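Now for the letters of each chain:
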Amino acid sequence: MRRRLPFAACLAFAAAAPAQTLEELRDTVRDSARATRYPLFVASFLGLTDESELSGGRFRIDGDPDTDVSVLTLPLHREWDLGERAPRLLTEANFGYATAELEFADLWAGTQPGFETRCNADFSALAGFVGVGPLFDLGGDWRLAPLAVGGFAHVQSDASYEGPGAPVSAALLDGILFNWDATYAIYGGSVLLRNDGWQWGSARVLPRLRYDLRRMQPLVVDDPVQDEVSTVQWLVGRLGFEGPTGWQFGDGGVDWLADVGAKVFDPEAAKALGTGHYFEVGGGLRWACDEALPGLSSATLNGAVFYGENFSGWTLGVSVAF
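Residues numbered from 1 in each chain as written. Predicted model: local features only at pLDDT ≥ 70, side-chain atom pairs only at ≥ 80, totals over all residues. Heavy atoms only, no water.

Colleague: Mind showing me how you'd approach the pairing of strand 6 (residues 180-195) here?
Modeller: Judged from the 16 bridges that link them, strand 5 (residues 142-162) and strand 6 form a sheet pairing that is antiparallel. From the neighbouring strand, Ala145 faces strand 6, where its bridge partner is Leu192. One ladder, built from twelve bridges, connects strand 6 with strand 8 (residues 203-220); its direction is antiparallel. What sits directly across from Leu192, in strand 8, is Arg210. (Pairing = 2+ DSSP bridges. Helix = DSSP H or I, 4+ residues; strand = E, 2+ residues; numbered from the N terminus.)

This is the structure we're talking about:
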């Protein structure tokens, strides 16, 4: 699915009457941005910061233009025992940071001779989410958790222009498509189905399936074009494996880890982002370090590669558990 990002809204300038005022031209850009669902692109990008199952990393989404994306997430999970007859309570906290870098050879795609404009556009999002819900025992080590999720996020756009059309482009587009910031309230829900693991020889197998829905409610925006409620949905499936390596490091054993996963976006979000799905294949090593490092239970070194529809990337990192 190759996409024309909603930034094609700037091409509305090509059809505008020369006698229009600057503000009338900016209204034309706003109308085109709404028609091409520009706010949904922002919401879909923001949704990348809310990932509890797959890894963050560096991705490239092929499209028009190509987009380089970096995602860093810190998911935290804890279960609480509410008593013998009550389901356990699952709580989540997820903090995420994402950036998207886009480069346009000419914003006007050659339709405005003499106004050619090169543009480097960066988007960044910082978000925090909290989820809570009961964890029901379905039997056979299967668990089901419906979660209510809420949080806040801040999105910022920074762009620079070069070329003979740079002053006009900045006057038309700044505050609407580029060079703005906004704050959002985010709310929605998740449904998690998981198995606590079954033995396969010396290894444990850990399947998980999760559906997420988020609504992005603007709180503070720079322009009315960003003041639109948008909904994003995605589905994640993951199959994890772990087992002993037989190695010892200090007083703690070392386990090997491996996993495969897939993420599927709803059709509208897929169109906005330029990718409908992607796969992750990864692995790593986990050290039980509670004896050597009091206060920590384990330290993990892991890596993964990503591939999918117009999508590729990788990640490498270290994490700790308390």
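Colleague: Quick question: what am I supposed to make of the pairing of strand 10 (residues 252-265) here?
Modeller: On a regular strand, each side chain points to the face opposite its neighbour's, so the side chains alternate between the two faces of the sheet. Examined bridge by bridge, strand 9 (residues 230-249) and strand 10 share 14 bridges and lie antiparallel to one another. Paired with Arg238 across the strands is Gly261, a residue of strand 10. If you look at the hairpin formed by strand 9 and strand 10, you'll find two residues sitting between the two strands, and Gly250 has a positive phi there, around 65 degrees. Sheet analysis places strand 10 next to strand 11 (residues 277-287), joined by eleven bridges and oriented antiparallel. In the sheet register, Lys263 faces strand 11, and the bridge partner there is Tyr278.

Colleague: Where do I start with the nonpolar core in this structure?
Modeller: Side chains of a nonpolar character, in soluble globular proteins, are inclined to be buried together. Judged by nonpolar contacts, the single largest core of 62 residues is most densely connected at Leu46, Phe123, Leu173, Phe178 and Tyr184. By size, the runner-up hydrophobic cluster in this structure holds five residues, among which are Val254, Trp287, Cys289 and Leu296. (Core = buried A, V, L, I, M, F, W, Y, C linked by side-chain atoms within 4.5 Å. Buried < 20%, exposed > 50% of the residue type's maximum accessible area, 1.4 Å probe, protein only.)

Colleague: Help me understand the environment of Val236, please; the structure alone is not making it clear to me.
Modeller: Locating Val236 in the fold gives a position in strand 9. On a C-alpha basis, the gap between Val236 and Asp266 in space is 12 Å, while along the polypeptide they are 30 residues apart.

Colleague: What is the right way to read the packing of aromatic side chains from this model?
Modeller: Describing an aromatic ring pair means giving the distance of the ring centres and the angle of the ring planes. On inspection of all chains with the given rule, the structure shows 15 aromatic pairs. Between Phe249 and Trp287 the ring centres are 4.8 Å apart and the planes differ by 80 degrees, which places this aromatic pair in the edge-to-face class. Residue Phe249 is located in strand 9, and its partner Trp287 is located in strand 11; the two are separated by 38 residues in the primary sequence. Aromatic pair Tyr278 and Phe306: ring centres 6.0 Å apart, planes at 75 degrees, arrangement edge-to-face. Highlighted residues: Tyr278 in strand 11 and Phe306 in strand 12 (residues 298-308), separated in sequence by 28 residues. As far as burial versus exposure is concerned, Tyr278 and Phe306 are alike and both buried. Three or more aromatic residues link up through ring pairs in this structure, and these residues are Tyr38, Phe41, Phe45, Phe123 and Trp180. (Phe/Tyr/Trp six-rings, centres within 6.5 Å; stacked < 30°, edge-to-face > 60°.)

Colleague: Just checking my understanding: could you explain the layout of surface pockets for this structure?
Modeller: Taking a probe equal in size to a water molecule and rolling it over the atoms shows the remaining empty space. When its volume is computed, the largest pocket comes out at roughly 1,700 Å³. Around the largest pocket, the lining comprises 48 residues; the ones closest to its centre are Pro75, His77, Arg238, Asn302 and Ser319. Within the lining of the largest pocket, the residues separate by chemical class into 18 nonpolar, 17 polar and 13 charged. (1 Å grid on protein atoms, 1.4 Å probe; cavity = no way out; pocket = protein on both sides within 12 Å on 5 of 7 lines; lining within 4 Å. Points joined across faces, edges and corners; volume = space filled by probe spheres on them. Nonpolar A, V, L, I, M, F, W, Y, C, P; charged D, E, K, R; others polar.)

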